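Topology and contacts: notes
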Amino acid sequence: VDSAEQEMDNPTFRSDTVLSDVHLHCPSKRHLMVRLNAVGQPVFLSHFKLLWSMEDLASEKHVREITRGREHQCRGGDELCDKDRSNVKNKGGLHSEGVEALLDDDGDLEVVRRPQSASDLQAEDLLRDIVCPVILMKGKEDAFEDEEQECACSDVVKIEHTMATPLEDVGKQVWRAAFLLADYILFKRDMFRGCSVLELGGGTGITSIIMGTVAKRVYCTDVGEDLLAMCEQNVALNKHLMVPGGGEIKVKELDWLKDEFCTDPEAPYSWSEEEIADLLDHCSVIMAADVFYDDDLTDALFRTLYRITHNLRNSCTVYLALEKRLNFTLRHMDITCEAYSHFRNTLNDLENLQDGKMKYTVEPIKLDFCQFLVYERIEQL
């Protein structure tokens, strides 16, 4: 443990190390190293707070009222929102007797503006605040257990993850596009309620966990026994979030480089014939977040996507979220995003596919929906 602490004080990243900074953007949150995984990577536990509670979300009336309120508040650009107008009115408005109410201590005019974030209550939490990880030292297990008890609530998602990995293990980290897709799920809860859902490249499972709060059944898939075990652990950590809606999450292996589901009963996370039939008969939503970083894997994903949708009993909607990562390349002598360009070209090929059996329509989703998780919603998402 002492050597691990020294290593974290002086981190060394090799050229093939990939680092996600999402988990460093959680103000006032502790990050405890809980264990080493099967390949010797430190595993941390992070708490991601929902900007309103799951109990409140369970109330349909509450959801509708908040949604209408946010739309009403945000429609006026930099105009005062209704709440701000009410506050001004309560202070005496702008008539000659109440001007002092809008002046600060120095006598300067204090302009009331609408929050930049969709979350009025905790907009200040969205500011970037770098938090250094805390190593769980020997003899401090009690502190970890106390934190576990504190966060066993309905508005905190607990995720075990790594902080830096080789490229082949990036699924063990948490990425911004997963939060973006989770935000959209929470914003469109009614649309996903009672659905049967398949996630491709689920990684740590955070998006499937959020989907599991409203969907009937979620098949969270990825490849690699160590990664799938971490995902299964995260599902178990957040099981209480699925209780109100009665949702179920099944962690399964799905290798995009193979043409068939893994049905070997001896293999961990394999599929039963009943589960495959259930997926093909009832799946109406497929989703994937931040899985387009390698051209060969992108091609394999779209082949898998075509194969599965081709065998579904009903039509479905596929939600793809990603972050455009810009890099300077010697080949172009310019800043480019080759992985995104390849993704767009492959997506266009799928939309233009004419095989007489399938028809795909692609539509972009505007990112003006509410933000329910603390992360930086950058323009590259």
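This text follows the structure it describes.
A brief structural summary. Keep in mind that this is a model prediction, so the values were computed, not measured.

We now examine the overall build of the protein chain. What the protein chain contains, in helices and strands, is 13 helices and 12 strands. For the protein chain, buried positions account for 45% of its 381 residues.

Once that is clear, we can look at the nonpolar core. Formed by 46 residues in total, the largest nonpolar core has its most connected members in Val157, Phe179, Ile185, Phe192, Val197 and Met211. For Val157, the residues in contact, after removing those within four places along its chain, are Ser46, His47, Phe48, Leu50, Ile206, Ile209, Ile210, Asn238 and Leu241. Of all hydrophobic cores here, the second largest spans 27 residues; its members include Leu198, Leu200, Tyr219 and Trp271.

On to the sheet that holds strand S4 (residues 156–161). Reading across the sheet, the 3 strands line up as S2-S3-S4 and stay open at both edges, with antiparallel pairing between neighbours. Strands with a single pairing partner mark the edges of an open sheet, and in this sheet they are strand S2 (32–36) and S4. Neighbour to neighbour, the strand axes of the sheet diverge by 30° on average, direction disregarded. Where S2 meets strand S3 (residues 42–49), 4 bridges bridge the pair, whose relative direction is antiparallel. Directly across from Arg35, in S3, lies its bridge partner Val43. Against the sheet, helix H9 (residues 225–237) engages S2, S3 and S4, with an angle of about 160° to S4.

Here the focus is the pattern of salt bridges. A complete count under the given rule lists 15 salt bridges for this structure. Here Asp155 and Lys49 are joined by a salt bridge, their closest N and O atoms 2.6 Å apart. Here Lys49 lies in strand S3 and Asp155 lies in the loop between helix H5 (141–150) and S4, a separation of 106 residues in the sequence. Residue classification places Lys49 among the partly exposed residues on the basis of a relative accessible area of 25%. Of the charged contacts, one joins Lys172 and Asp226 as a salt bridge, the two residues approaching to 2.8 Å between their closest N and O atoms. Placement of the pair is Lys172 in the loop between strand S5 (164–166) and helix H6 (176–187) and Asp226 in helix H9, with a sequence separation of 54 residues. On the basis of relative accessible area, Lys172 is assigned to the buried category, the value being 4%.

A word on the environment of Leu228. Relative to the elements of secondary structure, Leu228 occurs in helix H9. Taking C-alpha positions, Leu228 is 9.3 Å from Lys172, a pair spaced 56 residues apart along the chain. Look past the residues within four positions of Leu228 in its chain and what remains in contact with it is Asp222, Val223, Val251, Lys252, Glu253 and Tyr269.

Take the pairing of S3 next. The element S3 is extensively covered by neighbouring structure, given that 6 of its 8 residues are classed as buried. Counted along the chain from S2 to the antiparallel partner S3, the turn is 5 residues long, and its residue Gly40 has a positive phi close to 85°. By the bridge criterion, 6 bridges tie S3 to S4 in an arrangement that is antiparallel. Each bridged residue has a counterpart across the sheet, and for Phe44 the counterpart in S4 is His161.

Conventions and cut-offs
- Residues numbered from 1 in each chain as written.
- Predicted model: local features only at pLDDT ≥ 70, side-chain atom pairs only at ≥ 80, totals over all residues.
- Heavy atoms only, no water.
- Helix = DSSP H or I, 4+ residues; strand = E, 2+ residues; numbered from the N terminus.
- Buried < 20%, exposed > 50% of the residue type's maximum accessible area, 1.4 Å probe, protein only.
- Core = buried A, V, L, I, M, F, W, Y, C linked by side-chain atoms within 4.5 Å.
- Contact = heavy atoms within 4.5 Å.
- Pairing = 2+ DSSP bridges.
- Axes fitted to C-alpha atoms, helices over the stretch in contact; angles between N-to-C directions.
- Salt bridge = Lys/Arg side-chain N within 4 Å of Asp/Glu carboxyl O.

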